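# Fold and contact review
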Amino acid sequence: MKFSVNWLKQWVKLELSAAQLAERLTASGLEVEKLSPVAADFDGIVVAEIESCVTHPDADKLSLCTVNDGGVERLQIVCGAPNARAGIKVPLARVGARLGADFQIKKARLRGVESNGMLCSARELGMSDDHSGLMELPADAEPGVNFRDWLALDDHSIEIDLTPNRADCLSIRGLARDVSASCGSEFIDREIPPVAATSDSRFPIRLEDIAACPRYVGRVIENVSATARTPLWMQEALRRSGIRSISPIVDVSNFVMLELGQPMHAFDRDKLDAEIIVRRGAAGEKLLLLDGTEVDLGEDVLAICDASGPVALAGIMGGEATAVSGETCNILLESAWFNPAVIMGKARDYGLHTDASHRFERGVDAEGQARAVERATQLILDTCGGQAGPVLLAEFAEYLPAAATVKLRLQRLNKLVGHEFQQQQVEQILTRLGMQLEYHAAEQAWLVVAPSARVDIAIEEDLIEEVARIFGYDNIPLRMPSGEVQVGSAALYEVSLSQIRESLCAAAYQEAINYSFVDSKQLEAVFQAEDALPLANPLSSDLGVLRTTLLPGLLAALNRNLRRQHQRVRLFETGLAFLRGESLLEIPRIAAVVCGPALPEQWAASSRPTDYFDIKGDVERLLALRGCGEIRFDRLHAPWAHPGASASVFLDDQCLGWCGAVHPQVLQRLDINCEVFAFELDLQPMQQRAVQVAQPYSRFPSIRRDIAIWLPEQTTYAEVRSCILASAGELLQNLVVFDVYHDTKLKKGYKSLAIGLILQKVSSTLTDDVADSLIQQVISNLESRLSAELRG
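This report concerns the structure included in the present document.

Here we take up the overall build of the chain. Scanning the chain from N- to C-terminus turns up 21 helices and 39 strands. Taken over C-alpha atoms, the radius of gyration comes to 40 Å for the chain, far larger than the 28 Å a tight globule of 792 residues would show. For the chain, the C-alpha atoms occupy an extent of roughly 140 × 65 × 60 Å along the three principal directions. For the chain, buried positions account for 48% of its 792 residues.

In structure tokens:
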């Protein structure tokens, strides 16, 4: 943002020099990149009028001018500018005037004719690069007046580098309010009175995408002068702000944008067809922009259209076909509020960057549209004449952003900043920033409503930052750390994330870190793209949505390792998965992928591939960190998991996630040519540890009883284990499966499990009679509940 200090002073009473202001801006967080004078260092330049102009007797390209400089005598000056002519007023460097540090004007003879001074171009005065001719001044400029004073050239331009959240400072009005607070000066909120309509000319406006554009303000102005010129004061305001003067109507829209922060556009009303329609683009639609670029519109682009088609890219640039020109007589002013999420990134997609898109992407004042139209209307009428119609408003107020009420606690403020603020100090700072306050003495807190232009104020920390920066970071006293260390309590009820990571690293896993943004095609490959939330402004096309699962990133990392000849890959990742529902859910998860041999290559054991029981064992090892809890693995039917080698993981009847083999179809889609096992679990339940309670250790011997039973093939071990635990009660200390046997000839459709039951009593020796009775009860329950048969 570049602006003139003199222009800023019209909005805030300021006694600081330009250098002091620049220093204060930087100290308050608005970093000044450049401070420069608006004109070169010159002296002795006055306004002059050329009264006569004839061709030099000895040079066709030179003119001999008689000039009125406000004195009694007329000056004779030789001039080579092509636009030198009688009747115009121009800057004159008198004899003795200084241009720069080393150049002084002297009397001279040019082709035998005496010249008593020099008529100046804008470039010779350091005001622009234009050297095509003399700088022409308005007709009301009085000859003899000091040119520097007349144009207020003892001014400076300041260019500041704003962070994206400070959209309010992309206007003179917003900057003035901020400077008022940081410098303790009076803010002059200049009144913009409404302009009464002098005609009944209207133009229909229809909003189709009301979420993207909930407010559109327009106004027809008829019979504007095609020959009008932009006033020099406005040209200068634009020049000192880095914008080139183009034509009166375009200059007015740029001036209002700089002054109030609201981008505007003017259409040639006679080139519009029937009505204005704000809608999404359609496939195949094209638009020729003002800069000559032809763009293709799509459904993701918001367009301003008439009955014939698109006439402007909303919030970015107008179209060539409806642009104002030297023949324009009737115009339609446009001032709208566009949802920043809709505009964000669209200009960049087309290789464009405009002042309008720069502001709309960051968020403009949602209450400033009508104010901007009134201001622009008055300036156009003053400059170009004409008759203004009534203000036209199309609005769906429920889709406009509402002012947030934020609670600011004095104790919290003092603690974070490290300074003891008083109530009056805080209230003075926030009031100068235009905020509405309501103080609650009992809580020592304020309820704060920020002005509509401050779209960056959303939470308490935003207000704390405002108080600190306006108070001045340099004014906050330096304090050395006390050296006191607060000892935290032991996390008895929590398994830390570092413990989980260390457990996996001990099992030869390596931690991977992936983006939370993924390509939607990756989620489609694992059949989990349905609830993915698309990003409004993605970093690139392959990072377009928030991940709903950690699996795609790990599979992509595994594939990269395989392509680099790593045969045994074991990776894990912790992070957030994002699910879209009534609100965005952020779920902490842990996931891992495994492929290749189960053990590293070695001489002590023969090589075997990783299987389901390896990944299941890793899950059980992780869950064992939390202590007691019933772990269960049930059959899983999911499109990304192999139906015969995967399971849902339950902890105390709560589903944590899944583990097992990745479906071959998923691996084929991702071009992975080996078997891969994985798990993905919710982290929060895994980290809730049950506090261990000491149990008495039995001094009496245990008894082991082994049984072998036939079970239907579909019966799971979890069902068998649950039945045995319920039957054996407190005497059962441990349960192990030491054999699984299949024989289709003996028992088709059945499997045999050999199970060892370790029984023990704490208070006395367990007798064979009690043990045998208990085993018989276990067998009876297995037979009745699971259709088991005891093998002979």
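For the rest of this paragraph, the subject is the pattern of salt bridges. Evaluation of the coordinates by the stated rule reveals 53 salt bridges. Residues Arg206 and Glu208 are paired through a salt bridge, measuring 2.6 Å at the closest nitrogen-oxygen approach. Put simply, Arg279 and Glu285 hold a salt bridge, and the shortest N to O gap is 2.8 Å. Here the salt bridges do not stand alone but share partners, grouping Arg166, Asp168, Asp178, Arg454, Asp456, Glu466 and Arg469 into one network.

This part takes up a negative patch on the surface. Taken together, Glu31, Glu33, Glu159 and Asp161 make up a surface patch of like negative charges. Secondary-structure elements contributing two or more residues to the negative patch are strand 2 (31-37) and strand 11 (156-161). Secondary-structure assignment places Glu31 in strand 2. According to the relative accessible area criterion, Glu31 is partly exposed, its value standing at 45%.

Before going further, it helps to examine the sheet that holds strand 38 (residues 750-759). Sheet architecture is open: four strands sit in the order 37-38-36-39, paired in antiparallel fashion. Taken across any chain shown, the strands that pair with only one partner, and hence form the sheet edges, are strand 37 (732-741) and strand 39 (789-790). Strand direction decides the pairing type here: strand 36 (residues 703-712) and strand 39, joined by two bridges, are antiparallel. Looking across to strand 39, one finds that Ile709 is bridged to Leu790. In the packing of helix 20 (residues 717-728) onto the sheet, contacts are made with strand 36, strand 37 and strand 38, and the angle to strand 37 comes to roughly 145°. Sitting on the sheet, helix 21 (residues 768-786) touches strand 36, strand 38 and strand 39, and the angle it makes with strand 36 is about 15°.

Let's shift gears to the sheet that holds strand 1 (residues 2-4). The antiparallel open sheet is built from three strands, whose spatial order is 1-11-2. Looking at strand neighbours, the two that pair on one side only are strand 1 and strand 2, the edges of this open sheet. Neighbour to neighbour, the strand axes of the sheet diverge by 25° on average, direction disregarded. The pairing of strand 2 with strand 11 spans six bridges and is classified as antiparallel. Residue pairing in the sheet places Ser36 in a bridge with Ser157 of strand 11. Docked against the sheet, helix 2 (residues 18-27) engages strand 1, strand 2 and strand 11, running at close to 170° with respect to strand 2.

To continue, consider the pairing of strand 34 (residues 654-662). A regular strand places its side chains on the two faces of the sheet in alternate fashion. Summarising burial for strand 34: seven of the nine residues are buried, a large majority. Sheet analysis places strand 33 (residues 641-651) next to strand 34, joined by seven bridges and oriented antiparallel. Residue pairing for strand 34: Val649 is matched across the bridge by Gly657. Pairing geometry for strand 34 and strand 35 (residues 676-682), over five bridges, is antiparallel. Bridge pairing in strand 35 links Gly657 to Leu681.

Right, let's talk about the packing of aromatic side chains for a bit. For the structure shown, the criterion picks out 10 aromatic pairs. Between the aromatic rings of Tyr612 and Phe613, the centroid separation amounts to 5.3 Å while the plane-to-plane angle is 75°, which identifies the pairing as edge-to-face. What makes Tyr612 buried here is its relative accessible area of 16%. Within the aromatic cluster, the residues linked to one another by ring pairs are Trp7, Trp233 and Phe255. In this structure, Arg148 packs its charged tip against the face of Phe42, placed 4.3 Å from the ring centre.

About the cut-offs
Residues numbered from 1 in each chain as written. Predicted model: local features only at pLDDT ≥ 70, side-chain atom pairs only at ≥ 80, totals over all residues. Heavy atoms only, no water. Helix = DSSP H or I, 4+ residues; strand = E, 2+ residues; numbered from the N terminus. Rg over C-alpha atoms; globule rule 2.2 N^0.38 Å. Buried < 20%, exposed > 50% of the residue type's maximum accessible area, 1.4 Å probe, protein only. Salt bridge = Lys/Arg side-chain N within 4 Å of Asp/Glu carboxyl O. Patch = residues over 30% accessible without salt bridge, like charges linked within 9 Å, V, L, I, M, F, W, Y side chains within 5 Å. Areas by Shrake-Rupley, 256 points an atom, 1.4 Å probe, with all protein chains shown as cover. Lys, Arg positive; Asp, Glu negative; His and termini not counted. Charge placed at Lys NZ, Arg CZ, Asp CG, Glu CD. Pairing = 2+ DSSP bridges. Contact = heavy atoms within 4.5 Å. Axes fitted to C-alpha atoms, helices over the stretch in contact; angles between N-to-C directions. Phe/Tyr/Trp six-rings, centres within 6.5 Å; stacked < 30°, edge-to-face > 60°. Lys NZ or Arg CZ within 6 Å of the ring centre and 35° of its normal.

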